[in-house]
Amino acid sequence: MASKAAWQEPFVNIFKHFRVGEWKKASKGGDVSTYTDKTLNCSVFRIKGSVPTIGYILVPKNTSQSMGLTGRYFYLLFNPSQGKSFSIVLDVIAEDGRVVRISISNMFKEFKSTPTSLCLPFLCGSDKDMFIETKDPSRGQVSEAPSPSQVRWTCLMMDLQETLSTYLNQLHFKHLKNVKLCAYMSVKNMFTTNMLLNPELSYHDSKQLAGASSEAAAPMPRDMAFPVPKGQSWLDLYHYFRFPPKERHTDIKEKDKKKNEARSTRSLAVQEKSQPVVSSIPELGEIVTEQTDHIVDQPKNHTRSRRNRRPATPSCNTEDGGADVFVHQRADVHTEQTDHIVDQPKNHTRTRRNRRPSTPSCNTEDGGAHVFVHQRADVHKHHGETDEYVESPLPHPVWMSISEDTKEQKLLPDPILRLRRIIGFGGATTKCALWTRLGDAVVYPCHAIVISMKIDSNEQRFFIGHTDKVSALAFNGNSTMLASAQTGNYCVVRVWNYLKGNCLAMFRMQAQSVTSLSFSYSGGFLCGVGKDNHGKTLVVVWNTVNVSNGGEVSILAKTKTDVDITTMKVANFDDTRLVSCGHDNIRLWRVRSGILRSCPINLSDYKSLDFTDVAFEEGDSPDQHLDDRTLFASSQSGHIFEIDYTRVVIRNVRWLFPMPRQEKLTLNKGHGIAINSISVSPSFCATGSEDGYLRLWPLDFSGVFLEAEHEGPVSVVSISSDSMQVLAATSTGNMGFLDVTSRGYNTLMRSHTDTVLGFSVDGIRRHLTTASSDGTVRIWSMDSLHQLYDFVSEDRPCSVAFHPSEQIFSCGFNSGIVRVFDLSCGKLMVEHNDFSGEVVGLAFSPDGSSMYSAGSEGSLARYSSSGKGNQLIKVVCGLVARGTGRAPDALTVSSDSHCLAFVGPSEYTVTIANAVSLEESLRVDVSILDVDSNFLDSALKVCFSSASPKHLLVATSANKILWVDTKTGCLLRQVTKVHKHWCSSLAVSEDRRFLVTAGHISVKVWDYNMQLKTNSQMFIGHSQPINQVSFTPGQLGVVSVGDAIFLWDFLAQPMDLLLSNCSRPSSSAVGEVQACNELPRQSAPLPFSPPPPVDISAMDTQEFEQDVTVIGSDPSCNSKPATSFLKITEPSDVTNLNTCLQGFSTKKPVRPDCYRHFIPRFNNSTLDETAVTPQASEAAMKLKAVIGYNGNGRGNMVWSPDQGLFAYSCGGVVVVEYLNSGRQRHLQGHNEEISCLAISNDAKIMASAAIKCNSSSLICIWDIQSGDCLKTISYHRGAVQCLAFSKDDCFFLSVGDFTDPMVALWSSKTLQMLSGVTVSVPIHDAAFCPSAPAQLACVGRQSVYFGLIQSDGQDVELKVMTVRAPAEVGDVEMTAVCYHTDSLLFTATNRGHLCVWDIKTQTCFMTWEADEGEIGILLCRGNSLLTGSNTHWLRLWEVEAVLGMKPQAKAFSSKDSGKSVVLKQEIMLDGTTVSAAFDNTMDMGIVGTTAGTLWYIDWLDNSNIRLVSGHKNKVNDLAFHPNESHFATCSEDGSLRVWSFPANELVVQFQVLGQSCNCVCWSPFPSEQRISVAAGYGDGTLRIFRLATAEMERKLQPHCVAVTAIQYSANGDVIISGGKNGLIAVSNAKDGTTIRILKDHKGAAVSAIQCVNEQCKDFGMVGNELWLAASADRRISVWAADWFTHNCALLDWLTLPAPPYRQDDSPPPSLASFCPTDPSLVVYTSYGIEKDISFYSLSKKRIIKKIAMPHWATCFSLSSKSQLIALGSKERVLKLIEWTSGKFQDFLQHSDALQTSRFSPSGKLLFSVAHNEIFLWEVQGL
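These numbers come from a predicted model, not from an experiment.

Novice: Please explain the overall build of the protein as it appears in this structure.
Specialist: Looking only at helices and strands, the protein features eight helices and 138 strands. The buried share among the 1822 residues of the protein stands at 61%. Accessible area of the protein: about 68,800 Å², with a carbon and sulfur share of 48%.

Novice: Looking at this model, I keep getting lost on helix H2 (residues 160-167). Mind explaining?
Specialist: Among the eight residues in H2, seven count as buried, and that is most of the element. The complete set of buried residues in H2 reads Leu 160, Gln 161, Glu 162, Thr 163, Leu 164, Ser 165 and Tyr 167. The N-terminus of H2 is capped by Asp 159, whose side-chain oxygen sits 3.2 Å from the backbone nitrogen of Gln 161. Just past H2, the residue Asn 169 takes up positive phi, approximately 55°.

Novice: How should the sheet that holds strand S61 (residues 850-855) be read in this particular structure?
Specialist: The strands making up a sheet associate through hydrogen bonds between their backbones, and the pairing can be parallel or antiparallel. Here four strands make up an open sheet; going across it, the order is S60-S61-S62-S63 and the pairing antiparallel. The sheet terminates laterally at strand S60 (839-844) and strand S63 (872-876), the two strands that pair on one side only. On average, adjacent strands in this sheet sit at an angle of 15° to one another, irrespective of strand direction. Both S61 and strand S62 (residues 860-864) contribute to a ladder of five bridges, which runs antiparallel. Paired with Ala 854 across the strands is Leu 860, a residue of S62.

Novice: Just to check I follow, could you spell out the environment of Met 195 for this structure?
Specialist: Of note, Met 195 is situated in the loop between strand S13 (185-193) and strand S14 (197-198). Excluding anything up to four places from it in sequence, Met 195 contacts Pro 10, Tyr 73 and Tyr 75.

Novice: Sorry, what's going on with the environment of Ser 43 here?
Specialist: Within the secondary structure layout, Ser 43 lies in strand S4 (residues 42-48). The sequence separation of Ser 43 and Val 187 amounts to 144 residues, and the corresponding C-alpha distance is 9.6 Å. If near-sequence neighbours (up to four positions away) are discounted, Ser 43 is found in contact with Thr 34, Tyr 35 and Thr 36.

Novice: Looking at this structure, I do not really get the sheet that holds strand S133 (residues 1764-1769). What am I missing?
Specialist: A sheet is described by the order of its strands in space; here four strands give the open sequence S132-S133-S134-S135, paired in antiparallel fashion. Both edges of this open sheet fall to strand S132 (1753-1758) and strand S135 (1784-1787), since each of them pairs with a single strand only. Taking the axes of each pair of neighbouring strands and ignoring which way they run, one obtains an average angle of 20° across the sheet. Across five bridges, the pairing between S132 and S133 is antiparallel. What sits directly across from Leu 1758, in S133, is Ile 1765.

Novice: Which parts of the structure should I look at to understand unusual backbone geometry?
Specialist: For residues other than glycine, phi is negative in most cases, and the peptide bonds are mostly trans. With an omega of 0°, the peptide bond between Val 59 and Pro 60 qualifies as cis. A cis amide bond, omega 0°, links Gly 904 with the succeeding residue Pro 905. With respect to the helices and strands, Pro 905 occurs in the loop between strand S65 (899-903) and strand S66 (909-914). Positioned with a positive phi, Asn 458 is a non-glycine residue whose angle comes to about 65°. Mapped onto the fold, Asn 458 is located in the loop between strand S26 (449-454) and strand S27 (460-464). In this structure, Leu 918 is a non-glycine residue whose phi angle is positive, near 65°.

Novice: Is there a simple way to explain the pairing of S60 in this structure?
Specialist: The two faces of the sheet receive side chains in turn, since in a regular strand these alternate between them. Of all the six residues making up S60, six are buried; the element is thus mostly covered by neighbouring parts of the structure. Pairing of S60 with S61 involves five bridges; the strand directions are antiparallel. Directly across from Val 839, in S61, lies its bridge partner Gly 855. Hairpin connection from S60 to S61: five residues lie between these consecutive antiparallel strands, with Gly 848 at a positive phi of about 80°.

Novice: How should I be thinking about the side chain of Gln 725 in this particular structure?
Specialist: When you line up the elements, Gln 725 lands in strand S49 (residues 725-730). In this structure Gln 725 comes out as buried when scored by relative accessible area, which is 10%. Not counting residues up to four positions away in its chain, the partners in contact with Gln 725 are Trp 435, Gly 439, Ile 455, Ser 718, Ile 719, Ser 720, Phe 737, Leu 738, Asp 739 and Val 740.

Novice: When you look at the pattern of salt bridges in this model, what are you seeing that I'm missing?
Specialist: When their charged atoms lie close together, side chains carrying opposite charge are able to pair. Applying the stated criterion to the full structure yields 41 salt bridges. Between Arg 819 and Asp 795 there is a salt bridge; the shortest N-O distance is 3.8 Å. Of this pair, Arg 819 sits in strand S58 (residues 818-822) while Asp 795 sits in the loop between strand S55 (787-792) and strand S56 (797-802), and the two are 24 residues apart along the sequence. A relative accessible area of 17% places Asp 795 in the buried class. Several salt bridges converge on common partners, so that one network encompasses Asp 1411, Glu 1412, Arg 1435 and Glu 1466.

Novice: Can you walk me through the packing of aromatic side chains in this structure?
Specialist: Counted according to the given criterion, the structure contains 56 aromatic pairs. Taking the centre distance of 4.2 Å and the plane angle of 20° together, the rings of Phe 1550 and Phe 1585 count as stacked. Separated by 35 residues along the polypeptide, Phe 1550 in strand S115 (residues 1546-1551) and Phe 1585 in strand S118 (residues 1582-1586) bring together distant segments of the chain. Here the two residues Phe 1550 and Phe 1585 agree in accessibility, since each one is buried. An aromatic cluster is defined as three or more aromatic residues linked by ring pairs; in this entry it consists of Tyr 789, Phe 791, Phe 802, Phe 809 and Phe 821. Over the ring of Tyr 35 we find Arg 46; its NZ or CZ atom is 3.8 Å from the centre of that ring.

Novice: Looking at this structure, how should I read the confidence of the model for the protein?
Specialist: Per-residue confidence for the protein gives a mean pLDDT of 79; residues scoring 70 or more make up 81%. Contacts of residues 662-669 to residues separated by more than four positions or lying in other chains number six contacts, the stretch itself having pLDDT below 50.

Novice: Where do I start with the side chain of His 1511 in this structure?
Specialist: In this fold, His 1511 is placed in the loop between strand S111 (1503-1509) and strand S112 (1515-1520). His 1511 sits in the buried class, given a relative accessible area of 1%. Within the local environment of His 1511, its side chain forms a polar contact with the side chain of Thr 1529, the two groups lying 2.7 Å apart. Apart from the residues within four sequence positions on either side, His 1511 is in contact with Ala 1491, Thr 1529, Cys 1530, Ser 1531, Asp 1533, Ser 1535, Arg 1537, Asn 1812 and Ile 1814.

Novice: Would you mind going over the pairing of strand S130 (residues 1732-1737) with me for this structure?
Specialist: Counting buried residues along S130, six of its six residues qualify, which places the element largely inside the surrounding structure. Burial along S130 is two-sided: the residues Asp 1732, Ser 1734 and Tyr 1736 and Ile 1733, Phe 1735 and Ser 1737 are all buried. Strand direction decides the pairing type here: strand S129 (residues 1718-1725) and S130, joined by four bridges, are antiparallel. Counted as the bridge partner of Tyr 1724 is Ser 1734 from S130. Here S130 pairs with strand S131 (residues 1742-1748) via six bridges, running antiparallel. Within S131, the position partnered with Phe 1735 by the bridge is Lys 1745.

Novice: Sorry, what's going on with the environment of Ile 1234 here?
Specialist: Secondary-structure assignment places Ile 1234 in strand S87 (residues 1234-1239). Overall, the relative accessible area of 0% leaves Ile 1234 in the buried class. Taking C-alpha positions, Ile 1234 is 8.4 Å from Asn 1190, a pair spaced 44 residues apart along the chain. Ile 1234 has contacts with Asn 1190, Gly 1193, Ser 1209, Gly 1211, Gly 1212, Val 1213, Val 1214, Ser 1248, Ala 1249 and Ala 1250, leaving out every residue within four places of it along the chain.

Novice: How should the state of the cysteines be read in this particular structure?
Specialist: Throughout this description, disulfide means a covalent bond between two cysteine sulfur atoms. If you walk through the whole model with that rule in mind, you get zero disulfides. The closest cysteine sulfur to the non-disulfide-bonded Cys 1395 is located on Cys 1404, 4.4 Å from its own sulfur.

Rules used throughout
Residues numbered from 1 in each chain as written. Predicted model: local features only at pLDDT ≥ 70, side-chain atom pairs only at ≥ 80, totals over all residues. Heavy atoms only, no water. Helix = DSSP H or I, 4+ residues; strand = E, 2+ residues; numbered from the N terminus. Buried < 20%, exposed > 50% of the residue type's maximum accessible area, 1.4 Å probe, protein only. Areas by Shrake-Rupley, 256 points an atom, 1.4 Å probe, with all protein chains shown as cover. Polar contact = N/O pair within 3.5 Å; in protein donor to acceptor, adjacent residues only side chain to side chain. Pairing = 2+ DSSP bridges. Axes fitted to C-alpha atoms, helices over the stretch in contact; angles between N-to-C directions. Contact = heavy atoms within 4.5 Å. Salt bridge = Lys/Arg side-chain N within 4 Å of Asp/Glu carboxyl O. Phe/Tyr/Trp six-rings, centres within 6.5 Å; stacked < 30°, edge-to-face > 60°. Lys NZ or Arg CZ within 6 Å of the ring centre and 35° of its normal. pLDDT = per-residue confidence, 0-100. Disulfide = S-S within 2.5 Å.

Structure representation (C-alpha cells):
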C-alpha cells in the first residue's frame, strides 16, 4: 500500500487534483457558481438549491468511480448559509470491502447508525459553546439550542479511521470513495492527509517551533489556510471542528473580554444510544496530534487503532503531596502521574488562557498514557536587541476526559511504570551540586533531569522537563525555589517550586549555552550567564518576585560583554549586587534602573590568572555594614584572593600548596593547588582542587586541618548551612559529603562518565552490572545504588551478562575478548579470545549450563559454564549478521535453554539454532513478510518469549515487531509504528503478559497479547538514545540504560489477570474471602519483606590478571562506610585512616527454583537476649488466643482425626486447637518463625522446627498431652525443610534446607541422632513408607533418593540410593513425594508432572501432567491421590488404574497405557497450597495456603469451610469496638477485616486492591445498626464501612498522600485523619466534606491521633473535647475542640529534643496518648536523648514523671481500668509496666518487631501485633 499511496503524501488537494471548476472529473447540479469572498480574498464556490439534492458538487464525476484517497483525515473548508440547510455526504470504503455512507447535516435531529451508514447532526451554537447532549439515550432526544447569531468560515476535520472504529464496531478505514456537498453552503476546498494539522499555526510560528522541538505540529497548506489580518486572532474569525471529538475541555483564558464576547462557536456532536461522550474541539493553540498504531494479528487479520496520548510519567510524593516529576516533551507542557484522573461531568466546561500558538502539543505516537496538559503562558515580549521573550506558565492542569469504553480497554495499571532511582551524575557539567537549606538533601543534574536526593535514605525526587542536558542550577536562600538551565541553541531556563516539584516558569535565553545561574537570597532576582551566537558573554538578570504566585518573569537587565565569566553569583546581602570571575578578571556588578554595570578589581600582577570561583564571607556581626564584606576568589594557580568589597581592593593574596606525604613524592613547591571550587562558612573554608582533594582550611589559611582524597578532580564543593557537612563532586561523576564532626565520608553517587551500553541483572543478589563507553564495567547494588565493584580495562566493554545462579558474570569487549569474572573470590576466571571483531552479544542459558557470544564479524561461540573451567566448546563462523548495530543483546536464549536465536547470516534473516550443537533449526526471512512493502525489511533485535519458547519476537528496521512461531516460522502477528524511531531493545515479562520496548529516548510497555483498545503506555526521561531495556527477575522492575541507569518500579502484579477473572462472592457469603488466583511460579517465592542489602567485602587488586583492575567498596576495620572510595587524613597529627581488607566468603548456595522450599520471612529485628520472662504462675497476663496462620511455612499444619485436634504455627508459637471445643493450647519454645511441623501416628508427640538467631535450626519435641517440651535439638546449620515420623513411630526424620542439605535420622524414644546423610542438592520433601518403616524416600533437584534403614544391634545406618528424574519430565525440581503401597511411589515436579515409581526396581514407569504449575503437596490414601499447587487448585485423583500397569523399561504417559488416571474433584483455594492433612479415606481434611488460611475440605459435599484465617502481609493497625463485640485489623495487602469477639471469627472482609490499608478506627455509636468502621489507605482516601450491611457507606479523599492515622471524634461527628506529609484533615462523618486542613505538622508523617471527652474550660479554652496528634518529627500538638460550633484551637505544643539519628533504619515512631484516668496528662515517647516515657501535665505545663526504658518503643497502649502500659519494641519485647510503681514484666512470644499493642476498652484484654502475628492476652495485673 505504501507504493500506491506515495503520491498522496503529504496531502491531496481534492479540488485541484480533480479539477473542480472544469467539471471533467467532477460534476455539479443546481445553482453552483463562483464568487470572490471578502473574508478569504479568494474565489470560492457557492452552492444553492431549494432542496439539498438539487444543488450539489460531486467528486468524482460518477458515484461508480472511486477517488481512492487513503488519508485518514478529511478536511473541508466551508461556510454554511445562515438559516439554510446543508448536508455533506462521504462514501468510505472499509477494509472488509463495505461501503459506509457518512452524512453530516443540520437537518438531522438525532444520531442514527446502521452497519452501512452514519447520520451525524450538526448544530450551530450561540456566542457561547453549545453541545448537543442526550436527555434520554434510549430515545435519542436532544436538548434545544438557540439559533446561531452568525456564521463563519469553518474548518471541519473528520478522522475517518476513528469514526469507523468508534461507531461501527471496530471497523477499519481503507480509502475515501467520493464526496458530495449539497446546498446551501460556500466551499473553498477540501483535502485528505495522514497528518493532523493546526489551522491556527502559521509558517512563521512553525519555523520557530522547529528549533525548539522536533515534534511541533504542522501548519495548514498555504492553499488551504485561512488568512488572518495582522493584529487579529484566528479564533476571532473562524471556527474549527474535529470529529470524533477527542477532549472534553474547552477552557480558554480571556485575553480580551470584548473579543471573547463577540466569538461564536459551533459544535459538531453525536448522540449515541450508549451515552456517547460529546466533547469540544481542542483550542487551536493546543492542537493534540495523534497517530494510529496498526496491530495486525494473523491469521485473524484483526487490527485496532487507538488514540495517542502523551505518556504517563513517574511521580514522587512531596511533603504536601504534589507530584515532583514533570516530564516535558516541549517547553510548555507538563505531564503528571495518571493516578489523579478526575472524571468530569458531561456538561462541565472551563475557561482557559489564550496561548501562543507556537508551541503545540506533541505527537506521542501511541495510546498508552493519559495526558495532563498544563496551561501555557501568556507571552510577553521584552523588546531589546533581540527578539527574546519570557514565558511564565501557570501550574493549573487542563483535564482531558476519556470515554468509559476506553477506560475499560486500556493497559492497567495506569501508569504501569514509576521511576524509582537514577544512577548517574553530570552530563553537561559536574560543577552543579547544591545543599538544601536544612542540609537533609542534595540537588544535582543527571543529563536532562534534576534530582533531589535525601542523604540519609538515598530517596530521590525528579524534576523532569528539560529537553537537553542541564548545565546550571541555583537555589534561593531558603531552598524553596530552584532554577535550572539547559544547553543547546535554545537555552531554556526553568524555575521550580522545590517543595512541590512543579515548574513555576519557563523562559528562553538567547544564548548557545548557560554556564552559570545564581538566585538572590530572597528569590526575587535570578542571574544567568552564557555565550551568544557571536561568542560574546551574555549576562541577564530576571525579575522573579511574583513567579511563586503565578506571576510573570521579566527581564530586569541585560548586557553583552567580551569579558570571560566562569562563575557569577548574586550577593546574599543585596539582591542588586553581583560578583563574577573568569580568565584574568574579577568584577563587581550592580543593577540599577534597569541597567547592569560592572567594576573590575585591580589585579595588579595577577592579571593572567584563571579565576574559577567566588564566595562571600559568611557569619558577619549584625552591626557590620552591609558593604563591609570580604569576598574570596580562587584560581587555577592555587591563589586565594581576599577582596574588600567596599573599597574594591585586594586585601590578601594567599598561595596554597599541598602538604607533602610519605606515600607520595613531594610536589614541586613551584606549583600551587589548582583550585576548582571554593565555599566559605563562618568558621572555615573548603576548597576542591584538580589533584582530587577536598581540603578544609581555617579562614586565615594557616594550614589544612582535614582533607579527603578522591579518584578524580574535585569540580565543586559546598558547605551546608549548619557547617557540619561539606559536599564534594568530581569530574569523574562521583559525589559525596564529608561529615566534619565525625571525620567520616559518605558516598552519595558514583556514575559512568560516558554512555551506558548494556546491563545485566543478578536477581538473586539484586546486583546490576553495566558496561560503558568510559571503559569500565561496574557492579551496583539495586537497593542502595552504591557501586560495589569497578572493573577497568584498556578495551572498551560492549556487553555483559550475569550467570543465572552463580556469582559469576562475563563481559565482552570491542577487541573480541570475552572475560569471565568470579565475584565470590574477586578473580578473573578465564579469558577467551576466539574471534576478531566486537562482541555484540553475550548470554547465559537459563539453566546456567552454557554461555554464548556473538561477534561483529559473524562468529558465534558456545562455552561451558556449569563448571569452573568455562571452556570453549564450539565456534561457528558466518552465522551472525555482520555489524555492531545489534549490540549489546544480539543473542537470545529460550527459557527452556533448548534454542538460540539471532539475526543472521544476513540482516534480512533470523536464525533459530539448537542451543547445544549450534546447528540451524529454522531460518525466517523477514524481508518478505510484508508483501505490500516496496523495500526490504531487515531484522534488528530478537527476543524469546519468557514463559514459552514457542514465540520469537523480532524488531525490524520498518519499525515493526513480529511474532514468529519458532516451530513453523509462521508470522503470528505484528505491530507497526512501534516507536517514532526504530526499536532499539525489547523484552518480555516472565508471566508473558507484558512487553517492554525502547525506541530513541522513550520506553513503552505493551500488552503482550495486544487485545486491548489501548495496548501500550509510553514513558520518557532519557535525553539520549536508550541502548537496552529489560525486566528485572521477578518482574518487579524495569531497567533502561543510555545516558544513565534508570530503575523503574513495575506496578503490575503477576496475579492481576487471574484476580480479574475470579468470581466475586455472593451476597450471602460476605464473610468469605474472594479466592485469589496466582500464576504458576517461574522461580522460588520471595520473602514477604524485601531482602536486606548485600554486604560486599573487598578484594585485593593484585589478585587480578591481565590488564583488568578492580576497585571495590571496602568496609574498613574502623567505621569507614563500605561504599567510600576516599582516604581521609588529619594533617595535625598525621593520622591515616587505613582500610582493612576482608576476604570474600565462599560461594553461597543457590536457592532452589520451587516454592515448596521454605524461605524464612525477612526479619531485621533482633531478640533481646537479656530480657527475662516471668514464670507462668507469676505472669501478669497469659496468652489467650492466637489469630492467624503462617502461610509462609511449609508443612506447618498437622491433624489427628482420631484425637480431634490439629496444630499449626503462627510466628514462633505452635497452636494446638481441639475441633470439638474450639479450645486452644499454645506451645511456646521458638523465638523465630516456625518452618514445619510433624506429629506422631499415635498423636502423642509433635516436632516443630525453626531457625535460630545464629542461623542454626532448633527442633522442639513436644508432649501433646501436657504441652511440655521434652527436648530441643540443634543440629542443622540452616532452616529445617521438613519433618516426618515413621509408621511405627520409632524414627523421625529431619531434612535441612538448601544451605545445609543434610538428612538426619533420629530415635523417637531416646531423641538421639542415629544416622545422617549429606546430599549434594537441596531436598524438598521426605516421607516414610506406610507399610515398611525402614523404607523412606526423599526428593530434590532432578533426583529421587530411596532410603533404607539398616540396624545392627544398637548401630543404625541410613543408606540412600540416588535415581535421576525421567527424561520425559525434563530438567525439573522434584518437589513432593508420597507412598501409594509398599511397592509404588508418587513424586511431583515444579512443572506440574506426576511420576509413578516402582520401589523394587527404583524405576519410573508412568508420568502425566496433573497441573499447570508447581505441585508442592502430595497425599495418597487408598486409591485417592491429592495434589496441591501454586495455581491454587486442589485436585483429587483416582489412581486405581496405576495398580494394573506393569513397570516398563521406559516411562510412558497415562494416555499411552490404555488406562488412565481420573480427576475426580477439584477446588480452587485462595492461595498456594503449603500444607495438607486428610483422614484415611481421603473424604475430609485440612489444607493450609499462603494466604494465611486453613480450610476444612469435605470431598463428599465438594465444599470448603474456613477454619482459621489470618493476614498474609503485615498488619498495620488494630482497633477494638467500644462495646468489645468486635475488633478490626488492617493490612498492607489492602484488606480490612472485622472479627467477632470472643469467638475471634472473621465476620466480614473489605478488600481494596492495589492499596495498603494503614489505619482503622471505630465509630463511637453503641447501636448495632449504626456501627461503622473507618480506614485510611495509601492513596489518601478514607473509606467508611457499615457493619450491619457489610457495605462501604462513604469514600472520602481529604489527602493526596497516604493516610497514616485516623480517629473519630468523641461524639462521632467528625473524622480526624493525618497524612504522610503531616497534613491533618477534619472531615464531616455524615456527608464526607472536609471541614478544615491543619498544617502545623506539615513535613512529617502523623503517627498518632486520639480524641477524648473533656471539658476544656479548666485549661482556659472553649470546647468539650480534647484531641492530640503526634508526628514523626517528635512534635505533639494538643487541641481543644467543639465540633458543633466548628471551634478548634491549639492548646499546647510539645517538641522532643533529639540528636541526629544515625541508624540504617527509620527512627522510632512518635507516640502519644491521653492518660485514661486523667485526660489532663499526656503520655508520650519518641526518639530522643534518653529512652523513656514522659508524663506531661497540660495544666502545669511541665513533665511530672518519666519512666526509663531499655529500648525505643515502637508501640504502646494505656489501660483504662488499671495503671498499666503495654509497650512493644523492635527487640520483640512486649513489656507490661505499672506506671505508678515502675514494676514491669517482659514477654517474648513474638518472632518479629512489635508494631501494634491495644488494650481493650475494659482493660482486661490486650492485643499485640508483630508482622502478621496477632496475639490476644488476658491481663491479670501486676
